[in-house]
Amino acid sequence: MTLPTTGFEPEPSDVAAEVASYLADVTDPLERYHRATAAQAHHQAVLSALQQERDRSLARLNADGLSYEKLADLVPGLSRAGVQKSVERGRRQD
């Protein structure tokens, strides 16, 4: 599960520049497909690793005494139940 990233939006020009960096000077459609697929697989792995870190971070905050409700107040886009699920995932990772 991926937690929402409410309040954090990428700059469209930054996204376009990064995509272009993977596909620069490649005109063959099959090669573009393969490069785009490789880049997507890489970014999905990064996404997963960052999500695990977010889960561990919330678990640490909870262990330090912040309730699920207080964490939900501090983390935009997450309900109390969403925080609880994230904390539980984070505890399993440590």
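These figures come from a predicted structure and were not determined experimentally. (Residues numbered from 1 in each chain as written. Predicted model: local features only at pLDDT ≥ 70, side-chain atom pairs only at ≥ 80, totals over all residues. Heavy atoms only, no water.)

### Here we look at the packing of helix 1 (residues 12-23) against helix 2 (residues 29-63)
Here is step 1: Closest axis-to-axis distance for the helix 1/helix 2 pair is 9 Å, and the angle between their directions is 125°. It follows from the interaxial angle that helix 1 and helix 2 lie oblique. Helix-helix and strand crossings are classified by hand; for helix 1 and helix 2 the assignment is right-handed. Seen from helix 1, the contacting residues are Glu 18, Tyr 22 and Leu 23; seen from helix 2, they are Arg 32, Arg 35, Ala 36, Ala 39, His 42 and His 43.
Here is step 2: Split into classes, the residues belonging to the contact of helix 1 with helix 2 amount to four nonpolar, two polar and three charged. (Axes fitted to C-alpha atoms, helices over the stretch in contact; angles between N-to-C directions. Helix = DSSP H or I, 4+ residues; strand = E, 2+ residues; numbered from the N terminus. Parallel < 35°, antiparallel > 145°, perpendicular 65-115°, else oblique. Left-handed = near helix turned anticlockwise from the far one by under 90°. Contact = heavy atoms within 4.5 Å. Nonpolar A, V, L, I, M, F, W, Y, C, P; charged D, E, K, R; others polar.)

### Focus: helix 2
Here is step 1: Given a rise of 1.5 Å per residue, 35 residues ought to cover 51 Å, and the 50 Å separating the end C-alpha atoms of helix 2 matches this to within 8%.
Here is step 2: Of all the residues in helix 2, the buried ones are Ala 39, Gln 51, Asp 55, Arg 56, Leu 58, Ala 59 and Asn 62.
Here is step 3: Packing partners of the buried residues in helix 2 comprise helix 1, helix 3 (68-74) and helix 4 (80-93).
Here is step 4: At the C-terminal side of helix 2, Gly 65 shows a positive phi close to 115°. (Expected span 1.5 Å × (residues − 1). Buried < 20%, exposed > 50% of the residue type's maximum accessible area, 1.4 Å probe, protein only.)

### Thoughts on the nonpolar core
Here is step 1: Of all hydrophobic cores here, the largest spans 10 residues; its members are Leu 3, Leu 58, Ala 59, Tyr 68, Leu 71, Ala 72, Val 75, Leu 78, Val 83 and Val 87.
Here is step 2: Contributing elements (two or more residues each) for this core: helix 2, helix 3 and helix 4.
Here is step 3: A per-element tally of this core places helix 3 first, with three residues.
Here is step 4: Ala 59 has contacts with Val 87, Gly 90 and Arg 91, leaving out every residue within four places of it along the chain. (Core = buried A, V, L, I, M, F, W, Y, C linked by side-chain atoms within 4.5 Å.)

### Concerning the pattern of salt bridges
Here is step 1: One pass over the full model with this rule turns up four salt bridges.
Here is step 2: Arg 35 is paired through a salt bridge with Glu 31; the nearest N and O atoms lie 3.0 Å apart. Pair noted here: Arg 35 and Glu 31 are both in helix 2, with a separation of four residues, about one helical turn.
Here is step 3: For Glu 31, a relative accessible area of 32% puts it in the partly exposed group.
Here is step 4: Ionic contacts of the salt-bridge type, sharing partners, join the residues Glu 53, Arg 56 and Arg 60 into one network. (Salt bridge = Lys/Arg side-chain N within 4 Å of Asp/Glu carboxyl O.)

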